[in-house]
Amino acid sequence: MTDLVATARSLFAQGKGILAADESVHTATARLASYGIPTSAEMRRQYRDLFFGAEGVERYLSGIILFSETLLEKGSDKKLFPKSLAARGIAPGVKVDLGTEPISTSPHEFITQGLLDLPERLAEYKKQGAVFTKWRAAIRIDGDQLPTSAAIHENAKRLASYAKEVQSAGLVPIVEPEVLLEGKHSRARSRTVLEEVLGTLFSVLEEHSVDPASVILKTSMALAGSESGKKDTPEEIAEDTLAALMSNVPRQVAGIVFLSGGQTPDEATANLAAIMRKAKELNAPWPLTFSYARALQEEALSIWKGKEENAPAARAAFLARLAKVSAARL
Ligand code: 13P
């Protein structure tokens, strides 16, 4: 097994998953503001430290995806975050895309930026301690109109170029074509789009000679849109999600992680548990786990409110949610 494959597989250690803590400055600012927390670089550092410094997180986390500025910051233990995480057996990763922008020919859809200076940035991130990376594409559903095949294809091409560069740099790529939850669509439509997106992505990855054995797929679940007025059961979600994955993801892929995408912490936990049960029943060929941002952070942030005196209770809420999600994964 190559080092890259071993690193990719280590992220699927028993009972563990990945914390996505890679909100960009823009997203982190909006996230903190939504909890009434004023923002500054120091506040963002404290926000990261709240989660990374919680005692015992290494029982549940195999990796944490960081934003680039966090690679250079120190926690309350006075150690650089990547060093402190690695010392506790948590692999540091980094988001390397530079965010999305509207597509000029289809302005309600998005394309992800960040390929131009990627090799130089990857060399820096590697020196700073990152061992894996993430690139997110955002795919919007609107009735039968969106997504367009052109948007799916262009995003897949960029994900493939990214993954190839990352493997050449000696890092593990997480490819994340997020099918957005926002919209009025049904679960059936979500599944159809997920199938097209994954089918296109893996054929383009192959065309670009990306080695699937060290690729991790980060995916949405197949579920009805947030404005559909419909709530699917965890079993329905598991059935359609696994159907889309089983018919489109090569068995050689190192593993699959799920994003929470706007589900509540309880929904994301119950849906993961149902997906794990279904995967076992179907004898799915890849390991599966969580890579949540909001579903792991939400409860803690609403307790913390940016105040030092609330940190112990916020960290306890974070650990309690991690324990539930980890149990769902088992
Ligand atoms: P959510 O779990 O909040 O969807 O975030 C995961 C992620 O990394 C999105 O890019």
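Analysis parameters
- Residues numbered from 1 in each chain as written.
- Predicted model: local features only at pLDDT ≥ 70, side-chain atom pairs only at ≥ 80, totals over all residues.
- Heavy atoms only, no water.
- Helix = DSSP H or I, 4+ residues; strand = E, 2+ residues; numbered from the N terminus.
- Polar contact = N/O pair within 3.5 Å; in protein donor to acceptor, adjacent residues only side chain to side chain.
- Contact = heavy atoms within 4.5 Å.
- Near = heavy atom within 4 Å.
- Areas by Shrake-Rupley, 256 points an atom, 1.4 Å probe, with all protein chains shown as cover.
- 1 Å grid on protein atoms, 1.4 Å probe; cavity = no way out; pocket = protein on both sides within 12 Å on 5 of 7 lines; lining within 4 Å.
- Sits in = over half its atoms within 2 Å of the grid points.
- Core = buried A, V, L, I, M, F, W, Y, C linked by side-chain atoms within 4.5 Å.
- Buried < 20%, exposed > 50% of the residue type's maximum accessible area, 1.4 Å probe, protein only.
- Points joined across faces, edges and corners; volume = space filled by probe spheres on them.
- Nonpolar A, V, L, I, M, F, W, Y, C, P; charged D, E, K, R; others polar.
- Pairing = 2+ DSSP bridges.
- Axes fitted to C-alpha atoms, helices over the stretch in contact; angles between N-to-C directions.
- Expected span 1.5 Å × (residues − 1).

A.B. asks: Just checking my understanding: could you explain unusual backbone geometry for this structure?
C.D. replies: It is generally the case that most residues other than glycine have a negative phi and that most peptide bonds are trans. In this chain, leucine 146 is followed by proline 147 through a cis amide linkage whose omega measures 5°. Checked against the element boundaries, proline 147 lands in the loop between strand 6 (132–139) and helix 7 (149–168). Residues other than glycine seldom take positive phi values, yet lysine 78 does so here, at roughly 65°.

A.B. asks: Just checking my understanding: could you explain the side chain of aspartate 240 for this structure?
C.D. replies: Relative to the elements of secondary structure, aspartate 240 occurs in helix 9 (residues 234–248). Within polar-contact distance, the side chain of aspartate 240 engages the side chain of arginine 191 at 3.1 Å. When residues no more than four places from it in sequence are discounted, the contact partners of aspartate 240 are Arg187, Arg191 and Ala222.

A.B. asks: Please clarify how the environment of lysine 230 should be interpreted in this entry.
C.D. replies: Along the chain, lysine 230 falls in the loop between strand 8 (216–219) and helix 9. Considering only alpha carbons, one finds lysine 230 and lysine 184, 46 residues apart in sequence, at a separation of 9.0 Å. Leaving out residues up to four positions away in the same chain, lysine 230 has contacts with Ala224 and Glu236.

A.B. asks: Help me understand the site of the ligand, please; the structure alone is not making it clear to me.
C.D. replies: Taken together, 13 residues lie around the ligand, and Lys134, Lys218, Ser260, Gly261 and Arg294 are the ones closest in. Here glycine 261 contributes a backbone N or O atom positioned 2.6 Å from an oxygen atom of the ligand. Relative to its free-state accessible area of 300 Å², the ligand is covered by the protein chains to the extent of 92%. According to the grid-proximity analysis, the pocket containing the ligand is the largest pocket. Within the residue set of the shell around the ligand, elements represented by two or more residues are strand 6, strand 7 (172–179) and strand 10 (288–292).

A.B. asks: Explain the nonpolar core here, please?
C.D. replies: Grouped together as the largest cluster of nonpolar side chains are 88 residues, with contacts concentrated most on Tyr292, Trp304 and Phe318. Top element by residues in this core is helix 8 (residues 187–207). It accounts for 8 residues. The residues touching phenylalanine 318, leaving out its near neighbours within four places in the chain, are Leu19, Phe51, Ala54, Val57, Leu61, Leu296 and Ala300. Counting residues in hydrophobic clusters, the runner-up holds 15 residues, among them Leu4, Leu11, Ala20 and Val172.

A.B. asks: Explain the layout of surface pockets here, please?
C.D. replies: To locate leftover empty space, one rolls a probe as large as a water molecule over the atoms. Considering only enclosed or pocket space, the largest pocket measures out at about 550 Å³ in volume. Taken together, 26 residues form the lining of the largest pocket, with Thr27, Arg31, Arg136, Glu178 and Arg294 sitting closest to its centre. Elements supplying a minimum of two residues to the lining of the largest pocket: helix 2 (25–33), strand 6, strand 7 and strand 10. If one sorts the elements of the lining of the largest pocket by residue count, strand 6 sits on top with 3 residues. Classifying every residue of the lining of the largest pocket gives 7 nonpolar, 7 polar and 12 charged.

A.B. asks: What's the story with the sheet that holds strand 10 in this structure? I'm lost.
C.D. replies: Strands in a sheet are paired, the pairing made by backbone hydrogen bonds, and the direction either parallel or antiparallel. Pairing is parallel in the closed barrel, where 8 strands are placed in the order 1-2-3-6-7-8-9-10. The mean angle between the axes of side-by-side strands here comes to 25°, regardless of whether they run parallel or antiparallel. With 2 bridges connecting them, strand 7 and strand 8 associate as parallel partners. The partner of isoleucine 174 across the bridge, within strand 8, is isoleucine 216. Sheet strands touched by helix 11 (residues 294–304): strand 1 (17–21), strand 7 and strand 10. Its angle to strand 1, the strand with the most contacts, is close to 65°.

A.B. asks: I'm lost on helix 3 (residues 41–52) in this one. Help?
C.D. replies: Every α-helix winds through 3.6 residues per turn, so residues three or four apart in the chain are directed the same way. For helix 3, which comprises 12 residues, the first-to-last C-alpha distance of 17 Å matches the rise-based estimate of 16 Å (1.5 Å per residue) to within 8%. Within helix 3, 9 of the 12 residues are buried, leaving the element largely enclosed by the surrounding structure. Considered for burial, the residues of helix 3 that qualify are Met43, Arg44, Arg45, Tyr47, Arg48, Asp49, Leu50, Phe51 and Phe52.

A.B. asks: How should I be thinking about empty space enclosed by the protein in this particular structure?
C.D. replies: Scanning all chains against the criterion turns up 2 cavities of 30 Å³ or more. Volume-wise, the largest cavity comes out at about 70 Å³. Lining the largest cavity, in full, are Val179, Leu180, Leu181, His185, Ser190, Ser220, Met221, Leu223, Leu259, Ser260, Gly261 and Gln263. Looking at the lining of the largest cavity residue by residue, the classes come out as 6 nonpolar, 6 polar and no charged. Reported here for the second largest cavity is a volume of approximately 40 Å³. Taken together, Ile139, Ile152, Asn155, Ala156, Leu159, Pro177, Val197 and Leu201 make up the full set of residues lining the second largest cavity. Sorting the residues of the lining of the second largest cavity by element identifies helix 7 and helix 8 as the ones contributing at least two each. For the lining of the second largest cavity, the element with the most residues is helix 7, which contributes 4 residues.

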